[in-house]
Amino acid sequence: MQFGIHLPPMGPLSDTRTLADLAVEAEEAGWDGLFLWDDLTSDPFVPVGEPWITFAAIALCTTRLRFGPMVTPLPRRRPWNVARETVALDHLSQGRLIFGVGSGGLPSAFDALGEEKDAKARAAMLEEGLQVLTGLWSGDPLHFEGAHYQIESAHFLPRPAQSPRIPIWVAGGWPHKAPFRRAARWDGVFPLDYRVGPLEMMAPQEVQSLLSYIAPYRVPGTPFEVVQLGITTGENAGQERALLASYADVGVTWWLENFIPQRWGGNWREWPVEEMRRRVRLGPPASTG
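Here's a quick rundown of the structure.

Conventions we followed
- Residues numbered from 1 in each chain as written.
- Predicted model: local features only at pLDDT ≥ 70, side-chain atom pairs only at ≥ 80, totals over all residues.
- Heavy atoms only, no water.
- 1 Å grid on protein atoms, 1.4 Å probe; cavity = no way out; pocket = protein on both sides within 12 Å on 5 of 7 lines; lining within 4 Å.
- Points joined across faces, edges and corners; volume = space filled by probe spheres on them.
- Nonpolar A, V, L, I, M, F, W, Y, C, P; charged D, E, K, R; others polar.
- Core = buried A, V, L, I, M, F, W, Y, C linked by side-chain atoms within 4.5 Å.
- Buried < 20%, exposed > 50% of the residue type's maximum accessible area, 1.4 Å probe, protein only.
- Helix = DSSP H or I, 4+ residues; strand = E, 2+ residues; numbered from the N terminus.
- Contact = heavy atoms within 4.5 Å.
- Polar contact = N/O pair within 3.5 Å; in protein donor to acceptor, adjacent residues only side chain to side chain.

### A few points about the layout of surface pockets
A water-sized probe rolled over the atoms picks out the places where empty space is left. Of the voids in this model, the second largest pocket is the one considered here, and its volume is about 330 Å³. The wall of the second largest pocket is formed by 20 residues, among which Arg165, Pro167, Asp187, Pro223 and Phe224 lie closest to the centre. A class-by-class count of the residues in the lining of the second largest pocket yields ten nonpolar, four polar and six charged.

### A look at the nonpolar core
One recurring pattern in soluble globular proteins is that nonpolar side chains are buried together. Ranked by size, the top nonpolar core spans 68 residues in total, and within it Leu7 and Phe99 carry the most contacts. The biggest single contributor to this core is helix H4 (residues 119-137), with seven residues. Dropping the residues within four chain positions of it, Phe99 is found in contact with Trp52, Pro69, Thr72, Leu74, Val82, Thr86, Leu133, Ile166, Pro167, Ile168 and Trp169. Counting eleven residues, the second largest nonpolar core, distinct from the first, contains Phe35, Met70, Val71 and Trp254.

### Describing the environment of Thr134
Here Thr134 is to be found in helix H4. Given the relative accessible area of 18%, Thr134 is considered buried. A sequence separation of 51 residues divides Thr134 from Ala83, and the C-alpha atoms of the two residues are 7.9 Å apart. If near-sequence neighbours (up to four positions away) are discounted, Thr134 is found in contact with Arg165, Ile168 and Trp186. A polar contact is formed between the side chain of Thr134 and the backbone oxygen of Gln131, at a distance of 3.3 Å.

Read these as spatial facts, not as claims about activity.
Here is the structure:
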């Protein structure tokens, strides 16, 4: 199992330098990845950082750490712009980018900004957007005729640094089924359970259920990452190793530590930044004890 940090670049963490410094500390402490929300607005209102600029800083400040958006709502992005940005970051980091993607769930990211409001339309845009994105990554000439995107002729180089391409992890809200059929066709799944609160982890048996659902849609023998969002303290080795083992047993391959202020009793305007940095310095749960 690999271990990452998952956090929103908001409030005091909206500053690019602060996040780049945090990425350096995370790498030194043994974490494998750092992943940022990709939002334009917040509720309640606080400063919001720009993750893609931050990823460039992280790429230059670290040598091993994997990183990426978790997740980008592709329907509010032009996929050809995303193709250029992701390839540039992949080369800058020497192949460490992971592209987390979803159709978008927060009304503030779509409705209030005049973007597509209909969830089914956004799902269709995501499907087409991923076809366009990977077509442009291929380095081959691309002609595309879709309901939402049309490309008469495009030929993008360079290709990504990673081969065969940048990994794509697809997010979805369980127990909805369509996002998981979509995820099965790509490189990983980032499941969230809409029936529980932001501090609640999906139970191992729930993860097992969704993976059983995905299995018939997977190409046998192909690599596939399974991501679990959760919380550990880094101070109880035995208990936390047992927790991680229960998720590894059902197929989880990445544990993302959920860094939101509520876990320390804080709020979005008053991030307990030092408590967060202390947890980062303790390292991933597998390194405790």
